[in-house]
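So you can see what is in the structure, the chains are spelled out below.
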Amino acid sequence: MADTKREIERKFEFSTPEAERRGVPDLAGTAAIAAVRDEGTVELDAVYYDTPDQQLAADGLTLRRRTGGADAGWHLKLPVSPGVREEITTPLGDSVPGSLAALVRSRVRGAELEPQVRLLSSRRVSHLLDAGGALLAELATDTVRAERDGATAAWTEVEVELADGVDPALLDAVEKRFRKAGLRVCDAPSKLARALAETGAAPPARPEAGSEDGTAGAYVLSYLREQRDAVIAQDPAVRRNLPDSVHQLRVATRRTRSAFKTYRKVLDREVTDPIGEELRWLAGELGVDRDQEVLLERLRTRLGELPHTLLLGPVRNRLRVWNDTRRSGSRGRALAVLDSDRYVRLLDSLDALLADPPLRKAASRPAESVLPKAVLRDYERLADRVAAALAIEPGGERDLALHEARKAAKRSRYAAEAAVPALGKPAKRVVKAVKAVQTLLGDHQDSVVAREALHGLAVQAAAAGESAFTWGVLYAREEALADRHERELPDLWAEAYSPALRAGLGG
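The following refers to the structure shown. (Residues numbered from 1 in each chain as written. Predicted model: local features only at pLDDT ≥ 70, side-chain atom pairs only at ≥ 80, totals over all residues. Heavy atoms only, no water.)

**Topic: the overall build of the protein**
Now for step 1: Secondary structure summary: the protein contains 17 helices and nine strands in total.
Now for step 2: Dimensions of the protein, computed from the C-alpha atoms along their principal axes, are close to 80 × 65 × 45 Å.
Now for step 3: The burial tally for the protein puts 49% of its 507 residues in the buried class.
Now for step 4: Of the roughly 23,800 Å² of accessible surface on the protein, a fraction of 51% belongs to carbon and sulfur atoms.
Now for step 5: Mean positive and mean negative side-chain charge positions of the protein (77 and 78 charges, respectively) differ by 4 Å. (Helix = DSSP H or I, 4+ residues; strand = E, 2+ residues; numbered from the N terminus. Buried < 20%, exposed > 50% of the residue type's maximum accessible area, 1.4 Å probe, protein only. Areas by Shrake-Rupley, 256 points an atom, 1.4 Å probe, with all protein chains shown as cover. Lys, Arg positive; Asp, Glu negative; His and termini not counted. Charge placed at Lys NZ, Arg CZ, Asp CG, Glu CD.)

Listed below in structure tokens is the structure:
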């Protein structure tokens, strides 16, 4: 059984030998700290696992097997933001637990996880308490010895980790007190990073998501690298069933596919099209559960908006049964996709594309001369889709056309987002305008999907001898909402498709 906690901490080191001789200053009286209680010393023995080329360390992850102390076991730490990590702990065992190996699979692929570094730490622990005796933070002074393939390193490190719910501002107050006593924030983000650096095994540097040469190719590749990294980072979140993780992973796949199409003058589509199809497959497989989750939330919200007098029959139970039936096995299906060889090959193909991009002639030109044309092309494509939809009489055919316009709006928005670093405000204004159109069209499509589901629920209720009245009321409301959106679209589109916006892009 794995336990998870959010770790908010700050690591310090002594800036001079003299400061180290003086030791850690008394923190009583610093901010809300009223007392410091000595908890004794523990001996920790941690072996850190990684691939031979340090793929986990390169992404800021640590995987270790540690004995000693109160939390002996296997620990996986995933970065959240600077100074904040999620720590997942499982009981001790000789080999890497399968549950933790799965969470790093998007990074390591088929590589073996092997012992890389051993850290022996003598840790003196103190508890920082408030006036009522409640724990604010744990203060640990570690005397560390690192061992790797015969190389060694030693240092002293001071760590302050907040207790749950404590304001992170406490760390700022501690840092201010420490600076006066000759301690500074560690340059290395973790003990492992320092151990690797000081034993001559620093992990490979990740390519920066920059566009220093100003070419169209540099900007597009920077954007694609961000999306590839987002897919990899969301993988463990999806496996842990964290909120919005499936949605964020699918967004990264859609942005990548969109960039392949939008910037076809920059990247050769003979190479990118097959990868795009695999990204479509991944998003589709993961979308089964996500789409149902979104639909269920919409229907629950709509039920909650109805007066009690309009809730006839066991509607909430009917909705629960309907949802359970539709979601049966979908979670397992999503995990099976992430565990598949096909998914790993897709990740490898993205890496290969970024390592050796199939650049076309336009890639070497200045971004300002290439990207606006691509953004305008998708912008005009959206205009055609909206015009075509509005020319159709309300009904099923128009619903389909508006759905196609929604997809075009999404692509136009992503195109402009990718161009923002190069084009600045003109691209930002397009993003804002098109996003409003996408939102309206998205809610319209959600209404179409909801009406289909409500019709099915009404049929099921009637077949079971229940009243179908409530489902009919909700259907009518969704129908009215869609009609309102269709009436709002022409004015909203007139604002989004303004001459000023097009002129900003050179159109």
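**Here we look at the packing of helix α8 (residues 245–262) against helix α14 (residues 396–423)**
Think of two packed helices as two axes; the pair is described by the angle between the axes and how far apart they sit.
Now for step 1: Between α8 and α14, whose axes approach to 9 Å, the crossing angle comes to 80 degrees. With respect to α14, the element α8 is oriented roughly perpendicular. Contact residues: Val 251, Arg 254, Arg 255, Ser 258, Lys 261 and Thr 262 in α8; Lys 410, Arg 411, Arg 413, Tyr 414, Ala 415 and Glu 417 in α14. (Axes fitted to C-alpha atoms, helices over the stretch in contact; angles between N-to-C directions. Parallel < 35°, antiparallel > 145°, perpendicular 65-115°, else oblique. Contact = heavy atoms within 4.5 Å.)

**Quick word on the nonpolar core**
Now for step 1: Formed by 70 residues in total, the largest nonpolar core has its most connected members in Tyr 263, Leu 371 and Trp 493.
Now for step 2: Ranked by residue count, the leading element in this core is α14, at 13 residues.
Now for step 3: Ignoring any residue separated from it by four or fewer positions in sequence, one finds Tyr 263 in contact with Val 220, Leu 371, Ala 374, Val 375, Ala 415, Ala 418 and Ala 419.
Now for step 4: By size, the runner-up hydrophobic cluster in this structure holds 20 residues, among which are Ile 33, Leu 139, Val 160 and Val 174. (Core = buried A, V, L, I, M, F, W, Y, C linked by side-chain atoms within 4.5 Å.)

**Thoughts on the packing of helix α7 (residues 216–239) against helix α13 (residues 367–390)**
Now for step 1: It is at 8 Å that the axes of α7 and α13 come closest, and there the two elements cross at 55 degrees. One way to sum up the angle between α7 and α13 is to call them oblique. Contacts between α7 and α13 pair Ala 216, Tyr 219 and Val 220 from the former with Ala 367, Val 370 and Leu 371 from the latter.
Now for step 2: Split by residue class, the contact of α7 with α13 holds six nonpolar, no polar and no charged. (Nonpolar A, V, L, I, M, F, W, Y, C, P; charged D, E, K, R; others polar.)

**Quick word on the side chain of Glu 157**
Now for step 1: When you line up the elements, Glu 157 lands in strand β8 (residues 151–162).
Now for step 2: What makes Glu 157 buried here is its relative accessible area of 2%.
Now for step 3: In terms of polar contacts, Glu 157 uses its side chain to reach the side chain of Lys 191, at 3.1 Å.
Now for step 4: In this view, Glu 157 contacts Lys 11, Phe 12, Ala 140, Thr 141, Asp 142, Cys 186 and Lys 191; residues no more than four positions away in its chain are not counted. (Polar contact = N/O pair within 3.5 Å; in protein donor to acceptor, adjacent residues only side chain to side chain.)

**Let's talk about the environment of Tyr 223**
Now for step 1: Relative to the elements of secondary structure, Tyr 223 occurs in helix α7.
Now for step 2: Sequence separation of Tyr 223 and Pro 314 is 91 residues, and the distance between their C-alpha atoms is 49 Å.
Now for step 3: In this structure Tyr 223 touches Arg 255, Ala 259, Tyr 414, Glu 417 and Ala 418, once residues within four positions along its chain are discounted.

**Regarding the packing of aromatic side chains**
Now for step 1: Taken as a whole and judged by the stated rule, the model has five aromatic pairs.
Now for step 2: Arg 342 extends its terminal NZ or CZ atom over the ring of Trp 281, reaching a point 4.1 Å from the ring centre. (Phe/Tyr/Trp six-rings, centres within 6.5 Å; stacked < 30°, edge-to-face > 60°. Lys NZ or Arg CZ within 6 Å of the ring centre and 35° of its normal.)

**Brief notes about helix α16 (residues 469–496)**
Now for step 1: When the terminal C-alpha atoms of α16 are compared, their 40 Å separation across 28 residues agrees well with the 40 Å that a helix rising 1.5 Å per residue should span.
Now for step 2: The sharpest bend along α16 comes to roughly 40 degrees, located at Leu 489, with the proline Pro 490 sitting one to four residues further on.
Now for step 3: Of the positions making up α16, those classed as buried are Thr 470, Trp 471, Val 473, Leu 474, Glu 478, Leu 481, Ala 482, His 485, Glu 486, Leu 489, Trp 493 and Ala 496.
Now for step 4: Where α16 is buried, its residues meet α9 (269–305), α10 (315–327), α13, α14, α15 (425–463) and α17 (499–504). (Expected span 1.5 Å × (residues − 1). Bend = angle between axes of the 7 residues up to and from the residue.)

**Points about helix α5 (residues 169–180)**
Now for step 1: End to end, α5 covers 18 Å across 12 residues, agreeing with the expected 16 Å (1.5 Å per residue, within 8%).
Now for step 2: Within α5, the full set of buried residues consists of Leu 170, Leu 171, Val 174, Glu 175 and Phe 178. Down the axis, α5 shows its buried residues gathered within 135 degrees of arc, on one side only. What points out from α5, more than 90 degrees from its buried face, is the exposed set Arg 179 and Lys 180.
Now for step 3: Next to the buried residues of α5 lie β1 (3–14), β7 (135–148), β8 and β9 (183–185). (Arc of directions from axis to C-beta.)

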